Amino acid sequence: MLNPDMRNIVNGLDLDALGAVVEAVQDDPAAARAGFGVVTRWMGQTRTESRPTAITLGSETIERSFTIPADEPEQLLGTDQAPNPQELLLSALNACMTVGYVAGAAVRGITLTRLEIETRGELDLRGFLGLSDTVPPGYPGIDYVVRIAGNGTPGQFAEIHAEVQRTSPNYDNFARALCMEARLEIL
């Protein structure tokens with residue numbers, strides 16, 4: 001058995017385990033399939049609670065047992081008890097990209113001392129409120145700044161930045177239109 005102290009850990013990531021995942025996906029493309037889902041229930045007023053469903057990773061099922069609350073601030077008729085959906089959306093984008101920066105640095109042997117992503121977007125509530133057919137309800141664009149520090153060179157950090165933009169699932173979800181298929185079930 002491998003001594004836990006002998007593992008190849010950089011930025012908290014076990015690089016040997018990461019290498020094993022990469023090798024498994026290269027050897028069997030079916031192992032690359034990852035499925036995610038959530039079930040969201042209305043909890044009154046503008047509050048919701050989402051529960052992630054089991055993740056499928058190749059042929060493996062990974063049970064989840066978290067809840068994710070959401071609410072709106074009082075100014076948007078909520079009780080301000082949790083982040084609102086837009087804050088959660090931007091948080092999900094940042095969290096996904098963070099994994100990419102941390103892993104990208106780790107595989108290059110770069111120890112990070114700081115990583116922060118600040119993201120901002122502006123909506124026009126006329127679209128959400130249905131007051132204008134010419135105003136979309138979503139963001140026309142998103143701006144973000146990545147602040148990163150560690151023992152890497154500026155060139156290495158620029159390479160990691162480009163890699164994250166190329167490989168982050170949530171960056172990709174924001175950067176291109178994706179198809180959403182809806183089905184309504186009346187209970």
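Structural data are supplied above this passage.
What comes next is a walk through the structure. (Residues numbered from 1 in each chain as written. Predicted model: local features only at pLDDT ≥ 70, side-chain atom pairs only at ≥ 80, totals over all residues. Heavy atoms only, no water.)

**Section: the overall build of the chain**
When you go through the chain residue by residue, the secondary structure sums to five helices and 10 strands. The C-alpha extent of the chain, read off along each of the three principal axes, is 60 × 40 × 30 Å. Considering the chain as a whole, with its 187 residues, one finds that 19% of them fall into the buried category. Sequence separation of 24 or more characterises 48% of the internal contacts of the chain that already satisfy a separation of 6 or more. Considering the chain, the positive charge centre built from 14 side chains and the negative charge centre built from 25 side chains are found 1 Å apart. (Helix = DSSP H or I, 4+ residues; strand = E, 2+ residues; numbered from the N terminus. Buried < 20%, exposed > 50% of the residue type's maximum accessible area, 1.4 Å probe, protein only. Contact = heavy atoms within 4.5 Å. Lys, Arg positive; Asp, Glu negative; His and termini not counted. Charge placed at Lys NZ, Arg CZ, Asp CG, Glu CD.)

**With respect to a nonpolar patch on the surface**
A cluster of nonpolar side chains, namely Leu76, Leu125, Phe128, Leu129 and Leu131, defines an oily patch on the protein surface of about 540 Å² accessible area. For Leu76, the location among the structural elements is in the loop between β8 (68-70) and α2 (85-107). (Patch = residues over 30% accessible without salt bridge, like charges linked within 9 Å, V, L, I, M, F, W, Y side chains within 5 Å. Areas by Shrake-Rupley, 256 points an atom, 1.4 Å probe, with all protein chains shown as cover. Salt bridge = Lys/Arg side-chain N within 4 Å of Asp/Glu carboxyl O.)

**So, the packing of aromatic side chains**
The geometry of an aromatic ring pair is captured by two quantities: the separation of the ring centres and the angle between the planes. Counted according to the given criterion, the structure contains one aromatic pair. Seen in terms of ring centroids, Tyr144 and Tyr171 are 6.3 Å apart; in terms of plane orientation they differ by 70 degrees. Their pairing is edge-to-face. With a gap of 27 residues between them, Tyr144 in strand β10 (residues 142-150) and Tyr171 in helix α5 (residues 169-175) connect regions that are remote in the sequence. (Phe/Tyr/Trp six-rings, centres within 6.5 Å; stacked < 30°, edge-to-face > 60°.)

**Notes on the nonpolar core**
In terms of nonpolar packing, the biggest core is built from 11 residues, these being Leu93, Met97, Tyr101, Val102, Ala105, Ile110, Leu112, Ile117, Phe157, Ile160 and Val164. Elements with a minimum of two residues in this core: α2, β9 (112-121) and α4 (154-167). Discounting chain neighbours no more than four positions away, the residues touching Tyr101 are Leu112, Leu115, Ile117, Tyr144, Val146, Ile148, Ile160, His161 and Val164. (Core = buried A, V, L, I, M, F, W, Y, C linked by side-chain atoms within 4.5 Å.)

**Quick notes on the sheet that holds strand β7 (residues 60-62)**
Strand order in the open sheet formed by three strands is β3-β6-β7, and the pairing between neighbours is antiparallel. Only two strands of the sheet have a single neighbouring strand rather than two, namely β3 (34-35) and β7. When strand β6 (residues 55-57) meets β7, the two strands line up antiparallel, connected through three bridges. Bridge pairing in β7 links Ile55 to Ile62. (Pairing = 2+ DSSP bridges.)

**What to know about the layout of surface pockets**
Over the atoms rolls a probe the size of a water molecule, and its path tells where empty space is left. Taken as a whole, the largest pocket encloses approximately 2200 Å³ of empty space. Taken together, 48 residues make up the lining of the largest pocket; nearest its centre are Phe36, Cys96, Pro169, Asn170 and Asn173. Considering every element that reaches the lining of the largest pocket, the biggest residue donor is α2, with 13 residues. The residue inventory of the lining of the largest pocket, partitioned by class, reads 31 nonpolar, 14 polar and three charged. Counted as a void, the second largest pocket has a volume near 630 Å³. (1 Å grid on protein atoms, 1.4 Å probe; cavity = no way out; pocket = protein on both sides within 12 Å on 5 of 7 lines; lining within 4 Å. Points joined across faces, edges and corners; volume = space filled by probe spheres on them. Nonpolar A, V, L, I, M, F, W, Y, C, P; charged D, E, K, R; others polar.)

**Looking at the environment of Arg41**
Its location among the elements puts Arg41 in strand β4 (residues 38-44). By relative accessible area, Arg41 is classed as exposed at 51%. Contacts of Arg41, omitting those with residues within four sequence positions, involve Arg47, Thr48 and Glu49.

**Let's talk about α4**
Count 3.6 residues to each turn of an α-helix, and residues three or four apart come out pointing the same way. If you check α4, its first and last C-alpha atoms are 20 Å apart, about what 14 residues at 1.5 Å a residue would give, namely 20 Å. Where α4 is concerned, the buried positions are Phe157, Ile160 and Val164. In an axial view of α4, the angular spread of the buried residues amounts to 60 degrees, which keeps them on one side of the axis. Where the residues of α4 are buried, they touch α2, β9, β10 and α5. (Expected span 1.5 Å × (residues − 1). Arc of directions from axis to C-beta.)

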